[in-house]
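# Reading the structure
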Amino acid sequence: MVDFYDELTYETNPFPETHPDNLAALGRLFGVQTATAQQCRVLELGSATGGNIIPMAWSLPRSEFVGVELSAPQVEIGQRIIRQLAMPNIRLAVGDILELEPAVIGQFDYIIAHGVYSWAPTAVREKILQLAHDCLTPNGLAYISYNLLPGWRMRGSLRDLLLHATRPASGADAKYQAAIAALKRLQQALQGAEADSQRYMQKEIAYLLDAHPSYLLHEYLAAENNAFLFSEFLADAERHGLQYVCETDLHTLFDTTLGQSAQAALADIDDPLQHEQWMDFVRMRAFRKSLLCRADLPLEREIDIDVFTTFFFSASLRLQGEANLSNTQAAVFLTPDGSELNVSHPLSKAALLYLQAVHPYTPDFAELFAQAESRVREAGGANFAGERHELVSELFSLYSYRAVYGRLEPCVSRPGVPEYPQASALARLQAAEGWGSIATIRHQALSLDAFSRRLLQELDGTRTVAELAQHLNAAVLDGRLEIPGGKQSQTTGPGLEKEIGSNVKHLLDVFARHGLFSAAE
């Protein structure tokens with residue numbers, strides 16, 4: 001069996017949980033005096049084309065970034081982006097993790113290994129842990145993601161099927177086509193199935209049929225794909241002088257998310273790490289994103305909520321319906337992916353409405369509380385307005401689910417579309433290169449279609465909104481561009497112009513809310 005990294009470019013999107021802003025904030029909650037994202041040194045192992053690390057370097061020009069990737073063709077893609085943007089604070093290099101020497105590459109405040117650990121042989125996994133120990137600064141953090149037992153056994157059965165079905169095929173494209181045919185066959189065979197395991201498989205198949213080809217090939221058909229018990233991962237980390245800090249998905253640390261029966265069954269487990277292991281068993285968890293630090297670094301095992309209130313906050317949420325600020329009736333907020341959040345306390349509802357209004361600007365907690373308190377009083381909820389502790393509690397819960405983001409440094413970018421919109425050079429270049437998504441100011445992936453990709457390329461600060469709409473209207477009329485949805489419009493003349501103008505204004509609002517106009521040229 002072979003891997004396909006040189007044959008098929010891996011789709012590398014930004015992973016918000018790996019951003020130094022996020023890692024620094026998480027470390028502070030557990031008593032680690034982490035380096036600020038504005039001035040730090042970051043190493044990414046398995047950086048592929050740089051889709052994760054390049055946007056970090058672009059937005060943090062005073063920090064230094066190093067990416068190491070085994071595939072030379074993928075590194076060249078990233079290096080081309082870096083050369084065109086003349087970025088002096090990042091270096092992507094072709095390299096084998098096994099050959100990296102701490103004395104040569106130096107010390108880092110943050111080490112990122114996303115999508116590498118489970119997909120590498122034992123020697124490489126050992127080397128990753130060794131590098132984490134030898135190359136971390138005294139207060140540094142290492143992020144490592146990996147497949148987890150027992151939950152991954154369900155996905156593992158699908159890997160078994162795909163390995164069997166693709167045996168006769170040779171090459172990435174042939175393997176992919178054989179895998180898709182096998183998935184469709186199984187999907188058809190499972191129609192109407194009622195068992196929980198079969199329904200789970202149907203959901204996984206639907207996801208894979210819609211996923212980028214690189215994900216299917218590298219996750220399910222790679223030569224290596226290993227899963228571990230959490231306790232096994234901890235033991236390996238401890239052998240290398242490392243200790244566990246937390247998960248980037250903070251809510252998974254609390255058994256209150258499991259229900260009363262599970263809480264009662266696990267109540268007598270005093271060791272917090274054993275407690276986490278048992279929560280994995282209960283959840284049948286399949287994946288972890290763990291933070292490690294050096295074993296000699298003192299940690300606070302209880303989260304310091306006072307530290308949390310020193311953060312700067314943001315949230316990209318949308319209110320569905322109404323939010324009554326005079327009572328505790330739940331209001332529904334929608335996340336960017338359409339998930340629903342029920343928020344009850346008037347202060348929390350008011351705080352989210354304020355964050356929605358000023359996004360991507362990040363107020364500190366004092367400002368957020370003051371704004372929420374004022375809004376609640378004005379709405380007739382004076383008896384709730386002073387309950388600061390309720391806001392802290394619900395805000396932290398939202399943060400633990402990554403519905404609200406907290407950072408150590410403020411983002412002063414304000415919403416709104418400039419008179420002459422100018423997107424960042426990085427966003428324009430990624431659009432010109434045909435990337436399927438670009439990184440937002442929150443280091444999240446914003447998907448692009450042909451129309452939005454073309455619009456981004458035109459945002460060089462030389463045209464007004466009206467002029468942009470006219471320019472794209474001409475491109476649609478002469479057949480050089482399709483309107484959103486991938487189809488030519490059935491309208492013509494003023495109707496078409498109005499439709500394109502509406503699309504342009506909508507997309508510019510989206511770009512503004514995602515901070516694409518905030519990067520300095």
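Residues numbered from 1 in each chain as written. Predicted model: local features only at pLDDT ≥ 70, side-chain atom pairs only at ≥ 80, totals over all residues. Heavy atoms only, no water.

### Concerning the overall build of the protein
Definition in use: Counting from the N terminus, the helices are DSSP H or I runs at least four residues long and the strands are E runs at least two residues long. Just to be clear, the radius of gyration here is over C-alpha atoms, and the globule rule we use is 2.2 Å times residues to the power 0.38. Classification of residues uses two cut-offs on accessible area relative to the type maximum, computed with a 1.4 Å probe and protein chains only: under 20% is buried, over 50% is exposed, and between them is partly exposed. Two residues form a contact once any of their heavy atoms are found within 4.5 Å. For accessible areas, the Shrake-Rupley method is used with a probe of radius 1.4 Å. Any residue's cover is judged against the shown protein chains and nothing else. The positive count covers Lys and Arg only, the negative count covers Asp and Glu only, and His and the chain ends enter neither. Each charge is placed at NZ for Lys, CZ for Arg, CG for Asp and CD for Glu.
The secondary structure content of the protein amounts to 21 helices and 15 strands. A compact globule built from 521 residues would reach a C-alpha radius of gyration of about 24 Å, and the protein, at 24 Å, matches this within 12%. Considering the protein as a whole, with its 521 residues, one finds that 53% of them fall into the buried category. Intrachain contacts of the protein at a sequence separation of at least 6 include 75% that bridge at least 24 residues. When the accessible area of the protein is evaluated, it comes to approximately 22,800 Å², of which 50% is carbon and sulfur surface. Across the protein, the centroid of the 42 positively charged side chains sits 4 Å from that of the 63 negatively charged ones.

### Considering the confidence of the model for the protein
The condition is simple: The predictor rates its confidence in each residue with pLDDT, a number between 0 and 100.
Residues at a pLDDT of 70 or more form 95% of the protein, whose mean pLDDT is 91. When the criterion is pLDDT under 50, residues 4–8 qualifies, and its contacts beyond four places in sequence or with other chains add up to 21 contacts.

### A look at unusual backbone geometry
Along the chain, Leu149 connects to Pro150 via a cis peptide bond; the corresponding omega equals 5 degrees. Following His359, the chain continues to Pro360 via a peptide bond in cis, the omega torsion being 15 degrees. If you trace the backbone, Pro360 turns up in the loop between helix H14 (346–358) and helix H15 (365–378). One non-glycine residue with positive phi stands out, namely Ala86, at about 50 degrees. You can see Ala86 is positioned in the loop between helix H3 (72–85) and strand S3 (90–94). One non-glycine residue, Arg402, lies in positive phi territory at about 60 degrees. Tracing the backbone through its elements, the reader meets Arg402 in the loop between helix H17 (388–400) and strand S13 (405–407).

### So, the sheet that holds strand S11 (residues 331–334)
How we decide: By the convention used here, strands pair only if DSSP detects at least 2 bridges between them. Axes, fitted as lines to C-alpha atoms, cover a helix only where it is in contact. Angles between the N-to-C directions of the axes lie from 0 to 180 degrees.
Strand order in the open sheet made by the three strands is S10-S11-S12, with antiparallel pairing throughout. Each edge of the open sheet is held by one strand with a lone partner, namely strand S10 (318–320) and strand S12 (340–343). Each strand axis lies, on average, 40 degrees off the axis of its neighbour in the sheet, ignoring direction. Note that S10 and S11 share three bridges and pair antiparallel. Bridging across to S11, Leu319 finds its partner in Phe333.

### Comments concerning the UniProt feature "coiled-coil region" (unreviewed entry) in the protein
For clarity, the cut-off: UniProt positions are given in the numbering used here, feature names are shortened, and annotations may be inferred rather than shown by experiment.
UniProt's feature table lists "coiled-coil region" (unreviewed entry) at residues 176–203, given in the numbering used throughout. For residues 176–203, the end-to-end C-alpha separation is 19 Å, with 79% helix and 0% strand making up the annotated structure.

### As for a nonpolar patch on the surface
Here is the rule: Patch definition: residues with relative accessible area over 30% and no salt bridge; like charges joined within 9 Å; nonpolar side chains (Val, Leu, Ile, Met, Phe, Trp, Tyr) joined within 5 Å. The salt bridge criterion pairs a side-chain nitrogen of Lys or Arg with a carboxyl oxygen of Asp or Glu, the two atoms within 4 Å.
Taken together, the side chains of Trp278, Phe281 and Val282 define a hydrophobic patch exposed on the protein surface, amounting to about 260 Å² of accessible area. Among the secondary structure elements, Trp278 is positioned in helix H12 (residues 272–283).

### Focus on the packing of aromatic side chains
Going by this rule: Ring pairs shown here join Phe, Tyr and Trp side chains whose ring centres sit within 6.5 Å, with only the six-membered ring taken for Trp; geometry is labelled stacked below 30 degrees between planes, edge-to-face above 60, and tilted in between.
Considering all chains together, one arrives at 18 aromatic pairs under this definition. Where Phe308 meets Phe396, the ring centres are 5.2 Å apart and the plane angle is 85 degrees; that geometry is what we call edge-to-face. One end of the pair, Phe308, is in helix H13 (residues 305–308); the other, Phe396, is in helix H17, and 88 residues separate them in sequence. The exposure classification of Phe308 matches that of Phe396, with both residues buried. On the numbers, 6.4 Å between centres and 70 degrees between planes, the contact of Phe313 with Phe365 is edge-to-face. With Phe313 in strand S9 (residues 312–314) and Phe365 in helix H15, this pair connects stretches of sequence that are 52 residues apart. Here the two residues Phe313 and Phe365 agree in accessibility, since each one is buried. The rings of Phe254, Phe308, Phe311, Phe313, Phe365, Phe369, Phe396 and Tyr399 are connected pair by pair, giving a single aromatic cluster.

### Remarks on the side chain of His359
Put simply, the test is: Nitrogen and oxygen atoms within 3.5 Å of one another constitute a polar contact, given that in protein one can donate a hydrogen and the other can accept it, and given that sequence-neighbouring residues count only through two side-chain atoms.
Relative to the helices and strands, His359 resides in the loop between H14 and H15. A polar atom in the side chain of His359 sits 3.0 Å from the backbone oxygen of Arg513. When sequence neighbours within four positions are dropped, the list of residues in contact with His359 reads Ser314, Ala315, Ser316, Pro415, Arg442 and Arg513.

### Overview of the pairing of strand S8 (residues 287–294)
Of all eight residues in S8, seven are buried; the element is thus mostly enclosed. Summarising the sheet, strand S7 (residues 242–247) and S8 pair through five bridges and their orientation is antiparallel. Note on S8: the bridge partner recorded for Leu242 is Arg294.

### A word on the UniProt feature "domain: Methyltransferase type" (unreviewed entry) in the protein
Taking the numbering used here, the UniProt-annotated feature "domain: Methyltransferase type" (unreviewed entry) corresponds to residues 43–141. Segment residues 43–141 splits into 39% helix and 26% strand. End C-alpha atoms: 11 Å apart.

### A short note on the pattern of salt bridges
A full pass over the atoms with the stated rule returns 20 salt bridges. With a closest N to O distance of 3.6 Å, Arg155 and Glu204 form a salt bridge. Of the two residues, Arg155 is situated in helix H6 (residues 152–165) and Glu204 in helix H8 (residues 196–210); the sequence distance between them amounts to 49 residues. Overall, the relative accessible area of 11% leaves Glu204 in the buried class.

### Description of the state of the cysteines
For the record, the criterion: The disulfide criterion is simple: two cysteine sulfur atoms within 2.5 Å.
The final tally for this structure, using the stated rule, is zero disulfides. With no disulfide of its own, Cys40 lies 15 Å from the sulfur of Cys135, the closest cysteine sulfur. Owing to a relative accessible area of 6%, Cys40 belongs among the buried residues under this scheme. Here Cys411 is not disulfide-linked; the sulfur of Cys40 is the nearest cysteine sulfur, at 16 Å. By relative accessible area, Cys411 is classed as buried at 8%.

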